[in-house]
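# Architecture at a glance
Next come the chains, spelled out residue by residue.
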Amino acid sequence: MKNKLTALALPLLLSSGMVAAQNPLFTDVFTADPAALVHKDTVYLYTGHDVAPNNDIFFEMHDWLAFSSTDMVNWKKHGPIMKATDFKWAKGDAWAAHMIERDGTFYFFTTVRHDETKPGFAIGVATSKSPTGPFKDAIGHALVTNDMTTQTPNDWDDIDPAIYVEENGDTYLFFGNLMPKYVKLSDDLLSLDGEIKTIDLPNFTEALWVHKKDEYYYVSYACEFPEKICYAMSKSIHGPWQYKGILNEIAGNSETNHQSIIEFKDKSYFIYHTGAVPPKDGKPSGGRFRRSVAIEPLIYNDDGTLQRIIMTTEGLSKSK
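Along each chain, numbering runs from 1 in the same order as the chain's sequence is written. Only residues with pLDDT of at least 70 are given local features in this predicted model, and only at 80 or more are side-chain atom pairs given and counted; all residues enter the totals for whole chains, interfaces and linings. Hydrogens and water are ignored here; the side-chain numbers use all heavy atoms of the structure.

Here we take up the pairing of strand E16 (residues 228-234). Side-chain direction in a regular strand flips from residue to residue, so the side chains alternate between the two faces of the sheet. For every residue, the accessible area obtained with a 1.4 Å probe (protein chains only) is divided by the maximum for its type, and the residue is called buried under 20%, exposed over 50%, and partly exposed between those limits. Helix and strand definitions here come from DSSP, where helices need a minimum of 4 consecutive H or I residues and strands a minimum of 2 consecutive E residues; each element is numbered from the N-terminal end. Judged by how many residues are buried, E16 sits mostly within the fold: 7 of 7 residues are covered. Residues of E16 alternate between two faces, with Lys-228, Cys-230, Ala-232 and Ser-234 on one and Ile-229, Tyr-231 and Met-233 on the opposite face, all of them buried. Taking the residues that link successive antiparallel strands as the turn, the strand E15 (residues 216-223)-E16 hairpin has 4 residues, and the phi of Glu-224 there is positive, at about 60 degrees. Any two strands are treated as partners once DSSP identifies two or more bridges connecting them. In the sheet, E16 pairs with strand E17 (residues 242-248) via 5 bridges, with the strands oriented antiparallel. For Ala-232, the partnering residue across the bridge sits in E17 and is Tyr-243.

Structure below.
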């Protein structure tokens with residue numbers, strides 16, 4: 001009976017724009033680099049949008065997608081909320097992003113490739129009064145450009161913005177590739193308020209994410225290559241960070257991983273991407289440049305450390 005009810009319900013979900021829990025979460029569109037925002041009684045999930053025709057060349061991403069859920073199981077699709085070229089100073093490449101809300105305004109921090117006036121990857125910020133947009137460039141120029149950091153010779157070392165807001169309102173931007181960095185933001189979130197500092201994290205690659213639970217701050221990040229997710233803990237946003245090891249193993253046929261950690265309705269979740277979508281209608285499967293978001297429960301041990309994430313096909317549907 002359960003299977004029959006599920007079969008009857010699925011067309012209704014699809015026709016209403018809703019998607020039920022599974023891993024990967026979405027199989028009709030490729031999604032990557034998840035960043036989730038809890039706002040009131042809803043989770044908003046923002047992703048990159050892989051459109052590479054195959055897994056043989058490189059990433060191709062032009063815009064960002066948004067989804068929402070009130071139960072972490074059924075998801076509503078909102079479509080593209082912004083293109084990389086909506087930043088007039090950007091050439092393209094809609095890479096990882098992060099959303100926060102303050103005083104009714106939603107701030108979208110993004111990775112894009114800058115034009116030749118400041119070549120290399122850069123971080124922009126866009127704003128909207130709605131969590132699903134439309135978003136527009138908030139300052140008319142990049143917040144961080146490649147010439148502002150010199151720790152590596154790479155022009156992609158200023159990517160993957162992640163925002164953390166302290167209880168007193170102090171707000172920090174974490175970012176970087178090969179060298180982890182952070183900087184305090186101004187009160188209006190539209191400029192830097194201080195020097196860019198580096199962080200001591202072993203085997204760091206990219207994809208910083210910072211969250212807090214009880215007395216501990218946690219920084220998780222993609223480590224080594226192919227990427228696993230590692231994490232460290234501290235009692236201060238400024239560190240020192242104590243390395244705790246691997247949180248999530250290599251995600252199958254995706255060489256990259258990128259995580260988002262949230263608490264919603266007293267439960268914690270780990271959101272990541274894999275290359276697990278199978279081939280369909282003669283098209284290539286998911287993989288290194290065609291990634292898909294998945295979700296698992298996140299469990300804390302009594303001492304505050306995190307239990308290893310076990311990646312599953314069932315996702316959150318197994319616990320509902």
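This part covers the pattern of salt bridges. The term salt bridge refers to a side-chain nitrogen of Lys or Arg lying within 4 Å of a carboxyl oxygen of Asp or Glu. Across all of its chains, the model carries 17 salt bridges by this definition. Between Asp-28 and Lys-77 there is a salt bridge; the shortest N-O distance is 2.5 Å. Taken together, the residues span a long stretch of sequence, with Asp-28 in the loop between strand E1 (18-19) and strand E2 (30-39) and Lys-77 in strand E5 (residues 75-83) at a distance of 49 residues. Residue Asp-170 is joined to Lys-184 by a salt bridge in which the shortest nitrogen-to-oxygen separation is 3.9 Å. Linking Asp-170 in the loop between strand E10 (162-165) and strand E11 (171-175) with Lys-184 in strand E12 (residues 181-184), this pair joins segments that are 14 residues apart in sequence. Assessed through its relative accessible area of 24%, Asp-170 is described here as partly exposed.

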